[in-house]
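Here's the letter readout for the chains.
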Amino acid sequence: MNIGEIARRAGVSRSTVSYALSGKRPVSDDTRRKIQQVIDELGYRPNASARALANGRTNTIGLVFPPAGNHYTGMQLDFIGSVVEAAAAYDYDVLLSPSGVDSDRSFQRLLGERRVDGAILMEIRLEDDRVDHLAELGFPAVAIGRTAHPEGGWWVGLDHTALAAACVHHLADLGHRRIAFVNRPEQLLRSGYESAHRGLDGFTKAAAERGLTVRTYCCGDDAASGQACVEQILHDDPATTALVTLNEAALGGLYRGLAQAGRHVPRDFSVTGVVASRWAETVTPQLTAADVPAEEMGRRAVDLLVERLDHPGAPPRHHLLAPPISLRASTGPSTAF
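Values in this document were obtained by computation on a predicted structure and should not be read as measured data.

Q: Explain unusual backbone geometry to me, using residue names and the numbers behind them.
A: Cis peptide bonds are those with omega within 30 degrees of zero, and the linkage from Val265 to Pro266 qualifies with 5 degrees. In the Ramachandran plot, Glu123 falls in the positive-phi region, its phi being about 55 degrees despite a non-glycine side chain. Its place among the elements puts Glu123 in the loop between β3 (118–121) and α7 (129–137).

If you want it as structure tokens, here you go:
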């Protein structure tokens with residue numbers, strides 16, 4: 001089934017059918033209804049490639065999202081799902097590219113072959129050549145995360161500085177004086193991963209403000225690394241009574257390490273951090289945390305990108321989110337004297 005057959009049955013020209021489908025030129029309501037009736041009867045679905053050639057749009061969004069290490073973490077998969085779901089509401093498909101840098105072939109193909117109408121970038125670095133390149137090209141893009149200088153950009157961000165600081169103040173209010181910080185892997189910190197840097201900054205400044213004794217650690221994105229990290233924390237300072245983490249992938253290992261060390265949560269040791277609620281609620285006891293609103297961030301990013309595609313001259317917009325700490329069961333008063 002093709003446009004020619006639809007035109008024959010509707011008694012109109014091929015070009016009229018094409019205009020009715022693409023919206024490039026006005027078509028009378030009566031003619032449009034006739035064409036639509038034939039389309040409905042035949043169950044016609046226009047070929048995506050042909051439609052892209054006709055109207056210059058692919059109805060596809062690129063999600064540029066490098067995995068953490070060799071795999072996507074649970075939180076990363078939550079973000080992917082949120083973007084796909086939000087895009088579907090606008091009748092857009094999503095093409096996933098695992099590119100972490102501008103020079104990646106996958107990223108270059110995405111742009112050079114114009115496979116997508118716009119892009120959502122994730123795992124943002126403070127200095128991110130992908131963001132810079134797309135801005136130079138004027139290619140419609142939205143970042144989930146912020147560069148060091150986000151002014152004039154389209155982005156949705158989480159205020160990791162404020163959230164890590166809030167976790168510190170929560171523990172300090174409970175009487176904890178010796179606290180560890182469990183960050184993302186060292187290679188992400190070295191590469192300028194923005195949430196790792198901003199979270200560390202918020203933690204250290206809040207700890208200094210409260211006069212706390214603290215140590216900071218990088219940790220791999222897996223349970224075994226989390227367990228090893230706890231062992232190192234307690235080896236370095238056995239008097240540590242609490243930790244703050246940004247690493248949800250290591251969370252199960254952190255709990256296991258504390259259990260093996262004989263530290264009961266929260267009676268002997270408190271744990272908190274910046275983690276999506278779905279993951280905070282999978283551990284026992286459930287984690288008191290600043291919940292990462294992955295679904296909301298994905299939806300807002302898609303909303304901004306569609307706005308940018310529909311209104312090319314619109315001024316840049318952004319959203320900076322700072323959800324409150326959800327009190328669950330993993331923190332309690334310090335028992336140290």
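Picking up where we left off.
Q: Residue-level account of the domain arrangement of the protein chain, with values.
A: In terms of domains, the protein chain is made up of domain 1 (3–46), domain 2 (60–158 + 294–321) and domain 3 (160–292). Averaged C-alpha coordinates put domain 1 and domain 3 at centres separated by 60 Å.

Q: Could you give me a rundown of the packing of helix α1 (residues 3–10) against helix α3 (residues 29–42), with the residues and numbers involved?
A: One way to put it is that α1 packs onto α3 with a least axis distance of 9 Å and a crossing angle of 120 degrees. Viewed along their axes, α1 and α3 adopt a mutual orientation that is oblique. Taken as a pair, α1 and α3 cross one another with a handedness that is right-handed. Contact residues: Ile6, Arg9 and Ala10 in α1; Lys34, Ile35, Val38, Ile39 and Leu42 in α3. Across the contact of α1 with α3, the residue classes break down as 6 nonpolar, no polar and 2 charged.

Q: Just give me the short version of the sheet that holds strand β12 (residues 325–326), but keep the residues and values in it.
A: With respect to topology, 6 strands assemble into an open sheet ordered β7-β6-β8-β9-β10-β12, the strand pairing being mixed. Sheet topology places β7 (213–218) and β12 at the edges, where each strand pairs with a single neighbour. Relative to strand β9 (residues 270–275), strand β8 (residues 242–245) runs parallel, the two being bridged by 4 bridges. Residue pairing across strands places Thr245 opposite Gly273, the latter belonging to β9.

Q: Tell me about the nonpolar core, and please be specific about residues and values.
A: Core analysis: the largest hydrophobic core is formed by 46 residues, its most contacted members being Phe79, Ile120, Val292, Met297 and Val302. No other element matches the 8 residues that helix α14 (residues 294–310) contributes to this core. For this core, the domains that each give at least three residues are domain 2 (60–158 + 294–321) and domain 3 (160–292). Among all residues touching Phe79, those that are not within four sequence positions of it are Phe65, Met122, Ile144, Val292, Ala294 and Met297. One finds Val230, Ile233, Leu258 and Val275 within the second-largest nonpolar core, a separate group that totals 22 residues.

Q: If you had to explain the side chain of Glu194 to someone new, which residues and values would you point to?
A: The topology assignment puts Glu194 in helix α10 (residues 194–210). Apart from the residues lying within four places of it in its own chain, the contact partners of Glu194 are Ile124, Arg125, Leu126, Gly145 and Arg146.

Calculation notes
Residues numbered from 1 in each chain as written. Predicted model: local features only at pLDDT ≥ 70, side-chain atom pairs only at ≥ 80, totals over all residues. Heavy atoms only, no water. Helix = DSSP H or I, 4+ residues; strand = E, 2+ residues; numbered from the N terminus. Domains from an automatic or database assignment. Axes fitted to C-alpha atoms, helices over the stretch in contact; angles between N-to-C directions. Parallel < 35°, antiparallel > 145°, perpendicular 65-115°, else oblique. Left-handed = near helix turned anticlockwise from the far one by under 90°. Contact = heavy atoms within 4.5 Å. Nonpolar A, V, L, I, M, F, W, Y, C, P; charged D, E, K, R; others polar. Pairing = 2+ DSSP bridges. Core = buried A, V, L, I, M, F, W, Y, C linked by side-chain atoms within 4.5 Å. Buried < 20%, exposed > 50% of the residue type's maximum accessible area, 1.4 Å probe, protein only.

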